[in-house]
Amino acid sequence: MDHKKTRLILIFLFGVFFVHGGIALANKSSTTIEAPESVSKNSEIIIRVTVTHSANNFLHYTEWLRVMAGDKEIARWDFTRSQRPEGAVFTKEIKYTVEGNVEIKAEASCNIHGSKGPTTVKVTVKE
């Protein structure tokens, strides 16, 4: 009978540690954007979006990344358990022609914990 109680206590403690430890170590997918601050009208720029996340395995990974220019989606990547990102931290590049002042927004989401929210940068056209 004592062995059963000991096993149950150990299983309970392991469960508590696993759940709370998992929450403490988990994070939401976040993004950073590299783009020029100002360019000439109709210039083609390269936007670099880096996604940071704590994991990249078949159970826990960045599920999607999207990039917006103003209200228009200019790039999107969707990932699955079998088609995951290159790593827990990865970068994607997008070519974009700037026709006027524009706000670039990037957001990524973890399949379990969600997103830290969008990141934005402004690109202005030189007069």
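Structural data are supplied above this passage.
Throughout what follows, the structure given in this document is the object of discussion. Just so it is clear, the model here is predicted, and its values are computed rather than measured. (Residues numbered from 1 in each chain as written. Predicted model: local features only at pLDDT ≥ 70, side-chain atom pairs only at ≥ 80, totals over all residues. Heavy atoms only, no water.)

1. So, the environment of Phe-79
Turning to step 1, where the next piece is worked out: Within the element layout of this structure, Phe-79 appears in the loop between strand E5 (72-78) and strand E6 (89-98).
Turning to step 2, where the next piece is worked out: On the basis of relative accessibility, which here comes to 9%, the residue Phe-79 falls in the buried class.
Turning to step 3, where the next piece is worked out: Between the C-alpha atoms of Phe-79 and Thr-62, which are 17 residues apart in sequence, the distance is 7.0 Å.
Turning to step 4, where the next piece is worked out: Other than its neighbours up to four places away in sequence, Phe-79 contacts Tyr-61, Thr-62, Glu-63, Trp-64, Arg-84, Pro-85, Phe-90 and Lys-92. (Helix = DSSP H or I, 4+ residues; strand = E, 2+ residues; numbered from the N terminus. Buried < 20%, exposed > 50% of the residue type's maximum accessible area, 1.4 Å probe, protein only. Contact = heavy atoms within 4.5 Å.)

2. What to know about the pattern of salt bridges
Turning to step 1, where the next piece is worked out: For the coordinates displayed, the defined rule picks out 5 salt bridges.
Turning to step 2, where the next piece is worked out: With a shortest N-O distance of 3.8 Å, Glu-73 and Arg-76 are connected by a salt bridge.
Turning to step 3, where the next piece is worked out: When the shortest N-O distance is used, the salt bridge between Arg-76 and Asp-78 registers 3.1 Å.
Turning to step 4, where the next piece is worked out: The exposure class assigned to Asp-78 is exposed, which follows from its relative accessible area of 52%.
Turning to step 5, where the next piece is worked out: Bridged by salt links that share partners, the residues Glu-73, Arg-76 and Asp-78 form one connected network. (Salt bridge = Lys/Arg side-chain N within 4 Å of Asp/Glu carboxyl O.)

3. Let's talk about the side chain of Ser-115
Turning to step 1, where the next piece is worked out: Looking at where Ser-115 falls in the secondary structure, it is placed in the loop between strand E7 (102-110) and strand E8 (119-125).
Turning to step 2, where the next piece is worked out: Ser-115 gets classed as buried once you look at its relative accessible area, which sits at 19%.
Turning to step 3, where the next piece is worked out: At a separation of 3.0 Å, a polar atom in the side chain of Ser-115 contacts the side chain of Glu-107.
Turning to step 4, where the next piece is worked out: From its side chain, Ser-115 meets the backbone nitrogen of Gly-117 in a polar contact 2.8 Å long.
Turning to step 5, where the next piece is worked out: Leaving out residues up to four positions away in the same chain, Ser-115 has contacts with Lys-28, Ser-29, Glu-107, Ala-108 and Ser-109. (Polar contact = N/O pair within 3.5 Å; in protein donor to acceptor, adjacent residues only side chain to side chain.)

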